[in-house]
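Structure assessment
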Amino acid sequence: MKIAQTLAAGLAAFGLLASVPASAAPMSSAEKLRRLDIMLMVTGLRCRTTADNFQADYGRFTTNHIAELNAASNAMKAELAGRHGAAGATRALDRLSVIMANSYGQGHPWLDCRQLKQVTRGLADARGSEPLVAAADQLLESTGTPQFAWLRR
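Residues numbered from 1 in each chain as written. Predicted model: local features only at pLDDT ≥ 70, side-chain atom pairs only at ≥ 80, totals over all residues. Heavy atoms only, no water.

**Considerations on the environment of R48**
- With respect to the helices and strands, R48 occurs in the loop between α2 (29–47) and α3 (55–64).
- Residues R48 and C113, spaced 65 residues apart in sequence, show a C-alpha to C-alpha distance of 8.9 Å.
- Those residues in contact with R48 that sit more than four places away from it in its chain are N53 and Q55. (Helix = DSSP H or I, 4+ residues; strand = E, 2+ residues; numbered from the N terminus. Contact = heavy atoms within 4.5 Å.)

Rendered as structure tokens:
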């Protein structure tokens, strides 16, 4: 996949992912997918007035991965229902989604619009949830050295 090779080469020097504190609970795959979707949505909105508008790529991403994204949302609601009850789970997920979105209100911590466009194109063509979770592991961190092996699948 040419996009994957271009992205991997172009971003090899970027990164410096912060480690998660030992006391923090590990993120579920469902939460990773939800956060990835929200990050792409918010940063896509930020980039829409630039030469690197990737709204169409984000649209392809959501269309191609709607099953995975909906399953992640449903899994998160089920997790939250255990703590907040069925009625409270939707409100809790909405609050969490707003918090996630706000964290990207000023943009991605280490990718610019051009790079996010490349990432989104690659993710739109990915198959299944495994490469999305692998991408989320790298893209949702604040710093680091991304390998983007998930784009070569």
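**Digging into the state of the cysteines**
- Scanning the model with the defined rule gives one disulfide in all.
- One disulfide bridge connects C47 with C113, the sulfur atoms lying 2.0 Å from each other. Since a negative S-S torsion denotes a left-handed disulfide, the C47-C113 link at about -85 degrees is left-handed. With a gap of 66 residues between them, C47 in helix α2 and C113 in helix α5 (residues 113–125) connect regions that are remote in the sequence. Per residue, the accessibility class of C47 equals that of C113, and both read buried. (Disulfide = S-S within 2.5 Å. Buried < 20%, exposed > 50% of the residue type's maximum accessible area, 1.4 Å probe, protein only.)

**Regarding the environment of L111**
- Along the chain, L111 turns up in the loop between α4 (66–103) and α5.
- Sequence spacing of L111 and L139 is 28 residues, and the spatial spacing of their C-alpha atoms is 8.8 Å.

**Looking at the nonpolar core**
- Counting residues in each nonpolar core, the largest one holds 35 residues, and the members touching the most others are L36, M39, L40, F61, L123, L132 and L139.
- Top contributing element to this core by residue count: α4, with nine residues.
- Once residues within four sequence positions are removed from consideration, L132 is found in contact with L33, L36, F61, H65, E68, L123 and A126. (Core = buried A, V, L, I, M, F, W, Y, C linked by side-chain atoms within 4.5 Å.)

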